[in-house]
Every structure is written in structure tokens, then in C-alpha cells.
Amino acid sequence: MQTKFKKSYRFAIKTSLYITLYVTLLMSVFLYFLYELNWWYLLAFSFGVYLFSFFTVQFRVERFIYKRVKKIYDDLTLLESASLTKGPITTDMRTLTQEIDKFARDKKIEIETLKVREQYRKEFLGNVSHELKTPLFTVQGYILTLLDGAMDDKILRKKYLERANKGVERLGYIIKDLDMITKLEVGDLSLKIETFNIVELVENVFEMLEMKATKKNITLTFDMDYENPIMVKADRERIQQVLANLVVNSIKYGREKGTTEVSIENLIKNKVIVRVTDNGEGIEKIHLPRLFERFYRVDKSGSRKEGGSGLGLSIVKHIIEAHNEKIYVESEYGVGSEFSFTLEKAK
């Protein structure tokens, strides 16, 4: 496709005016001293000089300068710059300079973004490899032990098969959660929007995780008594998954005899905000921006005290964003953390 130029006459107009003024002044002095000064002749002479200068500058200089401008645009087009190919190309030097500067800044930002993404990609692949490798090697170790003779011992056989099964379950969790995140990202996972009582849903999550919390003497509670139902519009099953993941995390990283508290508040006219607060170990500020990344570890030691796929918070973020809502996190290391998300209120 041939490049279209949007011509600028500013340079030719100004340059022609300067040339005309100079030549006319020179001619005025010449006529004044040698001949009779006739203003009509002088004006006609000025007009002629201006026209000649204008066309000379506009077309002759244009061929010299703007052919090189076109070469610059052609070179930039090779980089597939959408911003420089949307409209006709201007031949105004100031506009051209601004466009080139903007193009250079955008490319610099793009390169920096790609570098950051590349670093995230490397970390993600390393984390996936670690998460899959650990249960795989565990399962393989138990199976090889059984094949080497431990199969004859009924007690040992049952014990190792149960442990191998747990490793397989861990792999299943990881694959299932990765599949869910992928579907959420590409929009393939449809949400079943319905109206339900969010207070009742929180109570169900508390009942489901009561035994887990009891093992660490952690109290699951509301911030107040909610006598009236609070109706929201969302996918009930997915929001239950969000609440379960957040409460499980608060238990996992909570302190003995601690508390996990849920509050539900009106945010604006048609929104509520659900807060899950704990008084656990908290999260250092350096980790907060990347907390919702897949497999991102706050604990860099590489060890996990408890099971799980390592994708809980990433799933939480994707589910909330699939509802076109927001999720927030506030934490102070050594004090505790608060995760909150918004939901649409039912009318």
C-alpha cells in the first residue's frame, strides 16, 4: 500500500516570505539610488519573487527533504508501528519529530514490558516445573520401592499406595486449577449468575473449614451479627471458591489461637465489599504487587508446609475479574492481612 503524505506549506511560506522581503528591500535600495522608485512595480516584483520562491522551496526542497522523510517512515513501517500507519504522513518537521519521539518512547516502554514479561515467564516455568516435579518424583519413589520388593509387605504396600495416591491428587489439583485459570483468561469458563445471600454463603464456608481451623485453634467469625440477608448477583459456586481460598490461606498462615474475620459492607449504591481479615504473619510490601501471580511464592525456601496447587490466589483474582469486579489486598508484616473484593448488590 502506497504511503500517503499530508503536505505542510509552513516551511515554504515562511522561507519564501523571508526571501521576498530581502530581495524586495535590496531592489528598493537599488531603484531608489539609480532609478525612480515606483511602488506598483515594486509590489509586482515582490509578488513575482514570492511566487517563484514559494514553488522553488515547496517542490524542489520537498524532493530533497521529504524523500528522506518517506524513507524514515518506510523504515518504521517495517517495525509494524500501528500509530504511524493509521493516517496520512505529515511532512511538517515539528509534527514528524513529535511522532518519532512518541514512537521511540512507546517502543522503549514496549521493550521494558517484554523484558518484565520474559522474566515472569521464566519464573513461571520454573515454578510449574517445581510444582509438577515434586509430586511426580514422590509417586515414582513409592512405586519403585514397591516394585523393588516392598509390595510383599501388606502394611507397607497400603501405606505407600496411599502416599502415592496423595501425590497423584496433588497433580490433579494443579492440572485442574491451571485449566480453570486458562479458561478464565480466554473467557471460555461461563459464569452462572444468580441472586443469593452472601451471609449464608460465608456461613457455609465457615462450616466447611471448621475442622481445619480447629486444628490451629483459629476462630472463624463475622465482624457483627448479620440478622438480615445481603443479596448479591454473582456465580454462587465461584464466589464460594473465592471465599474458601481466602479463608484457607488465612488459616494456613494464621497464628495459633488467632482469628479470621469476615465483614460485608456497603461500598456504593449497587456494590458491597467483602473483607477477609486475619491476624496472622502478614506479607511484606515487596511481595504485594505479585501476590496474585500463578505459583508466586512469598516463601522463597521452596518448601510447602501444606498441600494445594499453589494457584489459589491467582484463581481468586481471575474469578473476581471475570465478574468485572475488583480485588484488593492490604497487609502488614507481623500484624496480619486483609483481602477484599467487590460484588454487585441484587436490587
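Residues numbered from 1 in each chain as written. Predicted model: local features only at pLDDT ≥ 70, side-chain atom pairs only at ≥ 80, totals over all residues. Heavy atoms only, no water.

An unreviewed UniProt entry lists the protein under the name histidine kinase, from Litoribaculum gwangyangense. Per UniProt, the protein carries the Catalytic activity (unreviewed entry) text "ATP + protein L-histidine = ADP + protein N-phospho-L-histidine." (UniProt positions renumbered as here; feature names shortened; annotations may be inferred.)

Asker: Pulling in residues and values, what's your account of the overall build of the protein?
Answerer: The secondary structure content of the protein amounts to nine helices and nine strands. Scored against the burial criterion, the 347 residues of the protein give a buried share of 35%. Here the contacts in the protein between residues at least 6 apart in sequence split such that 74% fall between residues at least 24 apart. Summed over its atoms, the accessible surface of the protein is roughly 23,000 Å², and 57% of this surface lies on carbon and sulfur atoms. (Helix = DSSP H or I, 4+ residues; strand = E, 2+ residues; numbered from the N terminus. Buried < 20%, exposed > 50% of the residue type's maximum accessible area, 1.4 Å probe, protein only. Contact = heavy atoms within 4.5 Å. Areas by Shrake-Rupley, 256 points an atom, 1.4 Å probe, with all protein chains shown as cover.)

Asker: Pulling in residues and values, what's your account of a negative patch on the surface?
Answerer: A cluster of acidic residues, Glu200, Glu203, Glu207 and Glu210, forms a negative patch on the protein surface. Broken down by element, the negative patch gets its largest block of residues, three residues, from helix α6 (residues 198–208). The topology assignment puts Glu207 in helix α6. (Patch = residues over 30% accessible without salt bridge, like charges linked within 9 Å, V, L, I, M, F, W, Y side chains within 5 Å. Salt bridge = Lys/Arg side-chain N within 4 Å of Asp/Glu carboxyl O. Lys, Arg positive; Asp, Glu negative; His and termini not counted. Charge placed at Lys NZ, Arg CZ, Asp CG, Glu CD.)

Asker: How would you explain the packing of aromatic side chains if you had to name every residue and give the values?
Answerer: Going through the model one piece at a time under the given rule, you end up with four aromatic pairs. Taking 5.0 Å as the distance between ring centres and 45° as the angle between the ring planes, the aromatic pair formed by Tyr142 and Tyr160 counts as tilted. In this pair, Tyr142 sits in helix α4 (residues 93–147) while Tyr160 sits in helix α5 (residues 154–186), placing the two residues 18 residues apart along the sequence. Among the aromatic residues, those joined into a ring-pair cluster are Phe206, Phe222 and Tyr226. (Phe/Tyr/Trp six-rings, centres within 6.5 Å; stacked < 30°, edge-to-face > 60°.)

Asker: Residues and numbers for a nonpolar patch on the surface, please.
Answerer: The grouping of Phe47, Leu51, Phe55 and Phe59 at the surface amounts to a nonpolar patch, some 400 Å² of accessible area in total. By the secondary structure assignment, Leu51 is in helix α2 (residues 39–77). According to the relative accessible area criterion, Leu51 is partly exposed, its value standing at 33%.

Asker: Please provide a residue-by-residue account of the pairing of strand β8 (residues 327–332), values included.
Answerer: Residues Ile327, Val329 and Ser331 of β8 are buried on one face, while the alternating residues Tyr328, Glu330 and Glu332, pointing to the opposite face, are not. Where β8 meets strand β9 (residues 336–345), six bridges bridge the pair, whose relative direction is antiparallel. Within β9, the residue paired with Glu332 across the bridge is Gly336. Counting the residues that bridge the hairpin from β8 to β9 gives three residues, and of these Gly334 lies at a positive phi of roughly 85°. (Pairing = 2+ DSSP bridges.)

Asker: Explain α6 residue by residue, including any values.
Answerer: Of all the residues in α6, the buried ones are Ile198, Val199, Leu201, Val202, Val205 and Phe206. Buried residues of α6, seen end-on, are gathered within an arc of 160° and therefore sit on one face of the element. (Arc of directions from axis to C-beta.)

Asker: Any chance you could break down the pairing of strand β5 (residues 231–235) for me, citing the residues and the numbers?
Answerer: Sheet topology note: the strand β3 (residues 193–197)/β5 ladder contains five bridges and is antiparallel. Its bridge partner being in β5, Glu194 is matched across the sheet by Ala234.

Asker: Break down the environment of Gly172 for me, citing the residues and quoting the values.
Answerer: With respect to the helices and strands, the residue Gly172 is situated in helix α5. Put simply, Gly172 and Leu132 are 40 residues apart on the chain and 10.0 Å apart in space, counted from C-alpha to C-alpha.

Asker: Outline the side chain of Glu338, listing residues and values.
Answerer: By secondary structure assignment, the location of Glu338 is in strand β9. Of note is the side chain of Glu338, whose polar atom sits 3.2 Å from the side chain of Thr277. When sequence neighbours within four positions are dropped, the list of residues in contact with Glu338 reads Arg275, Val276, Thr277, Tyr328, Val329 and Glu330. (Polar contact = N/O pair within 3.5 Å; in protein donor to acceptor, adjacent residues only side chain to side chain.)

Asker: Quick rundown of the confidence of the model for the protein? Include the residues and the values.
Answerer: Counting all residues, the mean pLDDT for the protein is 78, and 76% of those residues have values of 70 or more. Per-residue pLDDT stays below 50 along residues 81–85; that stretch engages in seven contacts with residues further than four places along the chain or on separate chains. (pLDDT = per-residue confidence, 0-100.)

Asker: Let's hear about the packing of α6 against helix α8 (residues 236–252): which residues, and what values?
Answerer: Close contact between α6 and α8 brings their axes to 10 Å; oriented N to C, the two are set at 50°. Put simply, α6 runs oblique to α8. Classified by chirality, the crossing of α8 by α6 is right-handed. Only Arg236, Ile239, Gln240, Leu243, Ala244 and Val247 of α8 make contact with α6, whose side of the interface consists of Ile198, Glu200, Leu201, Val202, Asn204, Val205, Phe206 and Met208. When its residues are assigned to classes, the contact of α6 with α8 shows ten nonpolar, two polar and two charged. (Axes fitted to C-alpha atoms, helices over the stretch in contact; angles between N-to-C directions. Parallel < 35°, antiparallel > 145°, perpendicular 65-115°, else oblique. Left-handed = near helix turned anticlockwise from the far one by under 90°. Nonpolar A, V, L, I, M, F, W, Y, C, P; charged D, E, K, R; others polar.)

Asker: Go over unusual backbone geometry, please, and point to the residues and values.
Answerer: With phi around 60°, Lys257 is a residue other than glycine that occupies positive phi space. Structurally, Lys257 is set in the loop between α8 and β6 (259–268). Classification of Lys257 by relative accessible area gives exposed; the value is 69%. Even without being a glycine, Asn324 presents a positive backbone phi close to 60°. Relative to the elements of secondary structure, Asn324 occurs in the loop between α9 (312–322) and β8.

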